[in-house]
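# Close look at the chain arrangement
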Amino acid sequence: METIVNDLAIYSRYATARDAFLNLVARQPEVRISRYEHPEPGPDGKPLFVDTAWLGRKSAKSVLVLISGTHGVEGIAGSMIQQEWLARGEPSHLPDDVAVLLIHALNPWGFAWLRRPTHENVDLNRNWLDFSALLPGNAAYGEIAKIVEPIRREDARMRRLAPRLVSYALRHGRYGLALGQGLRRIRAAVSGGQYEHPNGLFFGGTTPAWSRGVLTRILVDQLADARQVAIIDFHTGLGRNGATEKMISAPQGSERTIRADQWFGGGITPVGGASSSSASIEGDLMRSVPELIPHAEVSAVALEFGTKPSLQVLQALVADNWLHAHGDPLGPEAPAIKRRIVEAFFDDSDRWREAVVASTFDTCRSVLKTLSVLVD
């Protein structure tokens, strides 16, 4: 039977991506590199790091920040994008007095273990809250917790999970749109974030996660002189395969949404809106990081790339959650589960890769052009 104990190849993506990223960074003519060691090791027992690379003048007043791996396993795509941006010579086109800050593997533990959450089982994009205040409730998640947090391995498989989810959806839909409405309720209940089930999905935590502290330190320290900051946080797993969605946590027509639309080349979608593939969420990075840089004009978006149908993505998350809550992450069940979680968040086809890279490059070029004008 296949095991990871004797073969860690399935878990090698973080180390391979990090080496490739650092090698590309080292070739840049003007770069400043920093690293932040994670308190927990990877599956191979070796240390993990968040790495940053500053390209351009240190005194630059306008900065584009590109973040990979906020949701660990999504760092496969995020790192690939950052590597392609470096390898295809995009840094050579930086305008004067505009810098780029690359943040590689913000959640390195999740990347290395091929998990979406952090080592605290925290969804880093639901963790940006004031934990001294009353935390948001999510009664709907409590209704389906037993479905999406199964104790038995069999109940985490699609043939058991799907009928239970459909049954719930039909019970909670209305009129002739029962199934569709019910499935949207499930999406909102699960992905909206929850703060009462620490071993469950999309858990926002009860204290700031380690990676939140590191990002705070990076932005505060490295953007002290910036006056305009554009942030792109790379994500995958939502929407039609290969489609790109530029998400912002602000209402349609708000000043923040209008500015983002201008900076990022149009097509901005408010999270949770009618045209968004995402449900409304709490405690997200995009909404909160501008507060860390009060001296600058900040616009932050998530660039989301579609992969698999939502039910397949959810099943992969349920199985992975079961593995780490009740199974053995280095045992015989792990390889198949980990391959599915990778497939849920990364499409290894040339078509998908090129679509993702092309969309990112277009967005980055729009931002850099806008930042160069703002500098003038």
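Refer to the structure above for everything that follows.
None of these values were measured; they are calculated from a predicted model. Sequence order as written defines the numbering, with residues in each chain counted from 1. Thresholds applied to this predicted model are a pLDDT of at least 70 for local features of residues and 80 or more for the giving and counting of side-chain atom pairs; totals over whole chains, interfaces and linings are not thresholded and use all residues. Think of the side-chain values as coming from all heavy atoms in the structure, minus any hydrogens and water.

Another point: the environment of Phe264. Topologically, Phe264 is positioned in the loop between helix 8 (255-263) and strand 7 (268-270). To sort residues, take the accessible area from a 1.4 Å probe on protein chains only and compare it with the maximum for the residue type: under 20% means buried, over 50% means exposed, and anything in between is partly exposed. Under the relative-accessibility criterion, Phe264 is labelled buried at 0%. The contact partners of Phe264, leaving out residues within four places of it in the chain, are Ala230, Ile231, Ile232, Lys246, Ser299, Val301, Thr363, Ser366 and Val367. Numbering of helices and strands runs from the N terminus; a helix is a DSSP stretch of H or I covering at least four residues, while a strand is a stretch of E covering at least two. Note on definitions: a residue-residue contact is assigned when non-hydrogen atoms from the two residues lie within 4.5 Å.

Should DSSP find at least two bridges between two strands, the strands are taken to pair. If you trace the eight strands from one edge of the open sheet to the other, you get 1-2-4-3-5-8-6-7, paired in mixed fashion. Whereas interior strands pair on both sides, the edge strands pair on one side only; in this sheet they are strand 1 (31-37) and strand 7. Across the sheet, the mean angle from the axis of one strand to that of its neighbour is 25°, orientation sign disregarded. Here five bridges tie strand 2 (residues 49-55) to strand 4 (residues 98-104), and the two strands are oriented antiparallel to one another. Axis definition: a line fit to C-alpha positions, over the contact stretch in the case of helices; interaxial angles, taken between N-to-C directions, run 0 to 180 degrees.

What follows is about helix 4 (residues 139-148). Here helix 4 has its buried residues at Ala140, Tyr141, Ile144, Ala145, Ile147 and Val148. For helix 4, the buried positions fall inside an angular range of 165° around the axis, keeping them on one side. Exposed and facing more than 90 degrees away from the buried side of helix 4 are Ala139 and Lys146. Of all possible arcs, the one meant is that of the directions from the helix axis to the C-beta atoms.

Now for the packing of aromatic side chains. Aromatic contacts are taken between Phe, Tyr and Trp rings whose centres are within 6.5 Å, Trp giving its six-membered ring; a plane angle under 30 degrees counts as stacked, one over 60 as edge-to-face, and the others as tilted. This structure, assessed with the given rule, holds four aromatic pairs. Each ring, one from Phe346 and one from Trp352, has its centre 5.5 Å from the other, and the planes form 80°; the classification is edge-to-face. For Phe346, a relative accessible area of 5% gives the class buried. Under the relative-accessibility criterion, Trp352 is labelled buried at 0%. Within the aromatic cluster, the residues linked to one another by ring pairs are Tyr11, Trp109 and Trp113. Think of it as a cone above the ring: NZ of Lys or CZ of Arg counts as a charge over the ring if it is within 6 Å of the ring centre and within 35 degrees of the ring normal. Here the guanidinium or amino end of Lys58 rests over the ring plane of Trp54, the centre of that ring lying 4.7 Å away. When the ring centre of Trp322 is taken as reference, the NZ or CZ atom of Arg153 above it lies at 5.5 Å.

This part covers the packing of helix 10 (residues 310-326) against helix 11 (residues 334-345). At a closest axis distance of 9 Å, the pairing of helix 10 and helix 11 adopts a crossing angle of 145°. The two elements helix 10 and helix 11 cross, and the hand of that crossing is left-handed. Within the contact between the two elements, helix 10 uses Val313, Gln315, Ala316, Leu317, Ala319, Asp320, Trp322, Leu323 and His324 and helix 11 uses Ala334, Ile337, Lys338, Arg340, Ile341, Ala344 and Phe345. Across the contact of helix 10 with helix 11, the residue classes break down as 11 nonpolar, two polar and three charged. When the near helix sits turned anticlockwise from the far one by under a right angle, the crossing is termed left-handed; a clockwise turn instead gives a right-handed crossing. Lys, Arg, Asp and Glu make up the charged group, whereas Ala, Val, Leu, Ile, Met, Phe, Trp, Tyr, Cys and Pro make up the nonpolar group; the residues left over, Gly among them, are polar.

Here we come to the pattern of salt bridges. Take a side-chain nitrogen of Lys or Arg and a carboxyl oxygen of Asp or Glu: if they are within 4 Å of each other, that pair is a salt bridge. Throughout the structure, instances matching the rule amount to 21 salt bridges. For Arg351, the salt bridge goes to Asp347, with nearest N and O atoms at 3.9 Å. When its relative accessible area of 52% is taken as the criterion, Arg351 is described as exposed. Put simply, Arg153, Glu154, Arg157, Arg159 and Glu333 are held in one network by salt bridges that share partners.

Take the side chain of Ser359 next. Structurally, Ser359 is set in helix 12 (residues 350-375). Classification of Ser359 by relative accessible area gives buried; the value is 17%. Once you skip the residues sitting within four places of it in the chain, Ser359 turns out to touch Thr244 and Phe305.

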